[in-house]
Amino acid sequence: MDMKQHCVKLSVQPSRGLVDEKFTVLVQNLLPGFQLTIHALHQCEDGHSWEAFAHYTANATSIVNVSQDPSLGGTYSGVEPMGLLWSLRPVPGSKTGLRLRKMNVQTPMGVTISVYQGHQKEGFLDQVLLASVVVERWYMAPGVRRVPITEGRLTATLFLPSGPGPFPGLLDLWGWGGKLVEYRAALLASHGIASMALDYLTPKETGRMVDNDYFETAYRVLEQHPQILGSRIAMLGLSFGAGVTLRMAVYSKGLKLSCAVCINGSHVQPIDGPLEQIMTYFNKNVEKTRFDEDNQLICRDLMLPIPTDPSLKVDVGRLQCPLLLVVGEDDQNWPTYESAMDMREMMERAGNSHLLTVLSYKNAGHLIQPPFTPFTRASTFKSVTIPPFTMMALWGGELVAHSRTQEDAWRKTLVFLRENLYGDMKPGALFSNL
Amino acid sequence: MIALGGKMIPCYTVQRNLACIQRTVGGVHWTSSCRPAPLLTASPVCALIDDKISIRGHFLPPRCPVTVCAQMQSDDGDLWEAFAHFNTNLDGTVNLTRDPSVGGSYLGCEPMGLLWGLQPAPGAREGLRLRKKKVETPYVMLMSLLKGHVSPSERPSTELAAVTAERWYMAPGVRRIEIRQKGVVGTLFLPPGPGPFPAMLDLWGMGGGLVEYRSALFASRGYASFSLAYIGHKDLPGPQNRINVGDPYFKSAFQLLQDHPQVYPDRIGIIGLSFGVYLTLRLANHSDIKPSCLICINGPAGSTIKLRDADDRTEQMENDQKYWTYDDQGNVSFRAVSLPANLSPESKVKLEHLTCPLMYIVGEDDLSASSIENANLIEETLSATGKSQLFTRLSYPGAGHLIEPPYTPNSRVSLWSVKPQKLATLWGGHLAPHAAAQEDSWKKILEFMETNLRH
């Protein structure tokens, strides 16, 4: 059946939002039984196009509400309010191994949401387009200030929430890929936490890897900032950054953390000697890495089995601040689950397990990111080792489970941070599901 | 955990200790080196002007006086502000969607009161009216949470938290196109998408110039909309204080819309405010102009100005002055000018040709136009010709002349600059009822457009 174009009304509310804000996609004035496809299109900063789409059939109410009605097929199915974002994938014909990351947080991610007649799967440009709107997704809320840090050797950007403060502070660390990745820190500042994105793998001085004093310098910048509460500073790390976070939380005299969040990382690392030693340790075990049938590199076995030698693990039994571990059980890059189990055991033996909260998610992979970030099971990865190498890293995870994980973990991370940085602190596990 | 005397102790213990100290010395513990500042949130933080927002304060002491204030700068650089006094809940929160204001710019539970309650800040210029000139940029609102029941001037010493929100007239993807074609002066706003779109012709009053914000908002809601200038614009012919265009001009504007490739030619409505009502009715009266619907807000069905059926200079508007009345502050009310008895009989629009629905919106406290009387006149005229089913009236007690998109402040009086001398004109409208009228009428306007332009 044909739909009169002037009738169809497409609206997305809000049309401008933060990346972790939900939106409602509503298509109105349809004829009952009308078949349509809702399509999302985004062109990322390096020029690649990403798309998602879903098939709907209007029922007797002549409305399709993505938050309430099931998708009958497409890049997601069932009732998925935000499926149009988290199921975004490179358009057919794109390069393999792509990953969607916003490097410039001062501009929004623009997504075009369109309604096409019929249940379409491809060739959208040639189809009958009924309606289209543009949605902006921002990592920075209005009033958030982006402050490049010029202190010393630091490669960092500080994001300050709007308002007078003082604000709690946070050091935000990513993993092996290096580069100054700002988006999570920008988003945390949009939630009231002054956050510093810190690049520690591409140091300004050539050759030497940074050591503890680098992080202590970053911490001091936060502590001494007039708008930051020096007594309420947290650290958050993903992947290798999680290991660094644990190391600093336990051993650094210069850092007094209010709490720590570790996403898909491990406590396994040589603790004597400089940070550089960790690289050596991994290189020694490199033959434990393997390739799957698609030639994607699985690194998780590098650190397995979890050593019993105490000099090879951060002694989390000595931890004195609350710790949140976010675990993707299908992490193919790091042995996150095994590490989390070992950490729990160590803390139970030491008597500080009341500080530990573990969020463990089935079928979630390594890259647990802010909500609605498109899922990537594997992507091209360039390490910062010398010499650098590029390979197709398998991150793991399954689309739907991983996307749910991102939403749930982020919400609980924000609650954990707020409880420990803003209000009264409740000792013990908040959301343990183990 | 905090370090107290070199020893790490859980913070809740310290909190309890502090609480003991508090009981001894009294007073409410707001901020300290131990506990950081409370939080103020607004959601959505970037919204369209006609979107509601939810404003909340968190992590406050329970049952404590707080002030939430909003500050915004107009395009002209004037500062507008509003504030409301609350008492926090037992859980240490304040929520403007749930809690009543006990003092300030408004009283009672009004989720959007900080927006429609905005007033020029102390020390501002006189006679201001808030109107957005640049619709491509948002209003930036700084909202603050203050300690105690205070006024915004005490913000520097009492501020606990703040949040910045943006208020937009244009949704992402809306296109703004300046039109200077065939002598027609206006701005066209097109929604995002392939088109074609149903459309509105947007007419304002004798204040003149080119008022774009309502059109921008219509486009953000899926309608092409064309703001038309007809007086007081540099690109129009003749002296700026007179109407120098006639029927052909308005017909050209309507036809321009019809001919536009992204507009449905048979799905065009007309909206007019104030004198724009007369223009709307006059235009619709032409047998070859067939709008799908008409929306008339607080305006006359006739005129004391003789509009020509050719593009020509109109007669002086000073003739109106005999109908002006003044209050004891010297503010002028134009209300009597548009009393049906004072309108020239031949100017009264004969609505016999009307075939489309007409919605008339009345602010019962309109001090600038005789809206009630003109609504009656139109209703009677239509009834007499068996067309009463086309007429819908919305009537709002306490609302004034300037019924505009919602959540924007009303000016009961403002400086009027079109006339030769500087005058302050009375618009009417009391704060809360006028705000309610704007909210309700806007919703009904969009529903009316939906029914008549989309189906």
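Computed from a prediction, not measured in an experiment: that's the story for all the values here.

## Notes on the overall build of chain A
Item 1. In terms of regular secondary structure, chain A is built from seven helices and 21 strands.
Item 2. Expected size for 434 residues packed as a compact globule is a radius of gyration near 22 Å; at 23 Å, chain A falls within 12% of this value.
Item 3. For chain A, the C-alpha atoms occupy an extent of roughly 70 × 55 × 40 Å along the three principal directions.
Item 4. Looking at chain A residue by residue over its 434 residues, the buried ones come to 63%.
Item 5. Here chain A has roughly 16,100 Å² of accessible surface; of this, 51% comes from carbon and sulfur atoms.
Item 6. In chain A, which carries 39 positive and 41 negative side-chain charges, the distance between the mean positions of the two groups comes to 3 Å.

## Some points on unusual backbone geometry
Item 1. Omega for the peptide link from Gly165(A) to Pro166(A) comes to -5°, which places this bond in the cis form.
Item 2. Along the polypeptide, Pro166(A) turns up in the loop between strand S11 (155-160) and strand S12 (167-173).
Item 3. With an omega of -5°, the peptide bond running from Gly195(B) to Pro196(B) counts as cis.
Item 4. Tracing the backbone shows Pro196(B) in the loop between strand S13 (184-190) and strand S14 (197-203).
Item 5. Of note in the backbone geometry, Ser62(A) takes a positive phi value of approximately 60° without being a glycine.
Item 6. On the secondary structure map, Ser62(A) appears in the loop between strand S5 (49-57) and strand S6 (64-65).
Item 7. Although it is not a glycine, Asn264(A) sits at a positive phi angle of roughly 50°.

## Side note on the domain arrangement of chain A
Residue and element names in this part refer to chain A.
Item 1. Looking at the assigned domains, one finds that chain A contains domain 1 (9-138) and domain 2 (145-422).
Item 2. Taking only C-alpha atoms, the centre of domain 1 and the centre of domain 2 are 32 Å apart.
Item 3. At the interface, 25 residues of domain 1 touch 31 residues of domain 2.
Item 4. Both faces considered, domain 1 and domain 2 share a buried interface measuring about 2,100 Å² in area, 61% of it formed by carbon and sulfur atoms.
Item 5. Viewed at the interface, domain 2 and domain 1 are joined by two salt bridges.
Item 6. For Lys22, the salt bridge is made with Glu407, and the minimal N-O distance between the two is 3.1 Å.
Item 7. Secondary-structure elements contributing two or more residues to the side of domain 1 that touches domain 2 are helix H1 (83-86) and strand S9 (129-138).
Item 8. Taken together, the residues of the side of domain 1 that touches domain 2 break down into twelve nonpolar, five polar and eight charged.

## Regarding the interface of chain B and chain A
Item 1. Listed by partner, the interface residues are 41 residues for chain B and 39 residues for chain A.
Item 2. Roughly 3,500 Å² of surface becomes buried between chain B and chain A when both sides are summed, with 59% attributable to carbon and sulfur atoms.
Item 3. Counting across the chain B and chain A interface gives one salt bridge.
Item 4. In this structure, Glu450(B) engages Lys9(A) in a salt bridge whose closest nitrogen and oxygen atoms are separated by 2.9 Å.
Item 5. At the boundary of chain B with chain A, the tally comes to five residue pairs in polar contact (both at pLDDT 80 or more).
Item 6. Secondary structure elements with two or more residues in the side of chain B that touches chain A: helix H1 (11-25), strand S3 (39-43), strand S4 (46-48), strand S11 (159-168), strand S16 (263-273) and helix H8 (431-454) of chain B.
Item 7. Per element, the largest residue contribution to the side of chain B that touches chain A is eight residues, and it comes from S11(B).
Item 8. Among the residues making up the side of chain B that touches chain A, the classes are represented as 25 nonpolar, eight polar and eight charged.

## Describing helix H7 (residues 371-384) of chain B
Residues and elements named next belong to chain B.
Item 1. In this model, H7 (14 residues) spans 20 Å end to end at C-alpha, consistent with the 20 Å of a helix rising 1.5 Å per residue.
Item 2. Here H7 has its buried residues at Ser371, Asn374, Ala375, Leu377, Ile378 and Leu382. Down the axis of H7, the buried set is contained in an arc of 160°. They therefore lie on one face. Facing away from the buried side of H7, by more than 90 degrees, are the exposed residues Glu380 and Ala384.
Item 3. Note on H7: the residue one or two positions beyond its end, Gly386, has a positive phi of about 70°.

## Quick notes on the sheet that holds S9(A)
Residue and element names in this part refer to chain A.
Item 1. Pairing within the open sheet is mixed, and its six strands lie in the order S2-S9-S8-S4-S5-S7. Both edges of this open sheet fall to strand S2 (16-18) and strand S7 (89-90), since each of them pairs with a single strand only.
Item 2. Sheet topology places strand S8 (residues 109-117) next to S9; eight bridges connect them, and they run antiparallel. Along S9, the bridge assignment pairs Met109 with Arg137.

## As for the packing of helix H5 (residues 247-259) of chain B against helix H6 (residues 275-284) of chain B
Packed helices, taken two at a time, are described by the angle their axes make and the gap between the axes.
Residues and elements named next belong to chain B.
Item 1. For the pair H5 and H6, the least separation of the axes is 10 Å and the interaxial angle reads 80°. Taken together, the axis directions place H5 and H6 in an arrangement best described as roughly perpendicular. Across from Asp247, Phe250, Lys251 and Phe254 in H5, the residues of H6 making contact are Leu279, Arg282 and Leu283.

## Some thoughts on the sheet that holds strand S15 (residues 224-228) of chain B
Residues and elements named next belong to chain B.
Item 1. With mixed pairing, eight strands are arranged side by side in an open sheet as S12-S13-S15-S14-S16-S17-S20-S21. Here the strands that pair on one side only, and so sit at the sheet edges, are strand S12 (175-181) and strand S21 (391-396). Here the average twist between neighbouring strands, direction ignored, is 20°.
Item 2. Contacts between H5 and the sheet are confined to S12, S13, S14, S15 and S16, with S16 contributing the most and set at about 140° to the helix.
Item 3. Lying on the sheet, H6 is in contact with S14, S16, strand S17 (293-297) and strand S20 (358-363); it crosses S16 at an angle near 145°.

The rules we used
Residues numbered from 1 in each chain as written. Chains lettered and ligands numbered in written order. Predicted model: local features only at pLDDT ≥ 70, side-chain atom pairs only at ≥ 80, totals over all residues. Heavy atoms only, no water. Helix = DSSP H or I, 4+ residues; strand = E, 2+ residues; numbered from the N terminus. Rg over C-alpha atoms; globule rule 2.2 N^0.38 Å. Buried < 20%, exposed > 50% of the residue type's maximum accessible area, 1.4 Å probe, protein only. Areas by Shrake-Rupley, 256 points an atom, 1.4 Å probe, with all protein chains shown as cover. Lys, Arg positive; Asp, Glu negative; His and termini not counted. Charge placed at Lys NZ, Arg CZ, Asp CG, Glu CD. Domains from an automatic or database assignment. Contact = heavy atoms within 4.5 Å. Buried area = accessible area lost by both parts, 1.4 Å probe. Salt bridge = Lys/Arg side-chain N within 4 Å of Asp/Glu carboxyl O. Nonpolar A, V, L, I, M, F, W, Y, C, P; charged D, E, K, R; others polar. Polar contact = N/O pair within 3.5 Å; in protein donor to acceptor, adjacent residues only side chain to side chain. Expected span 1.5 Å × (residues − 1). Arc of directions from axis to C-beta. Pairing = 2+ DSSP bridges. Axes fitted to C-alpha atoms, helices over the stretch in contact; angles between N-to-C directions. Parallel < 35°, antiparallel > 145°, perpendicular 65-115°, else oblique.

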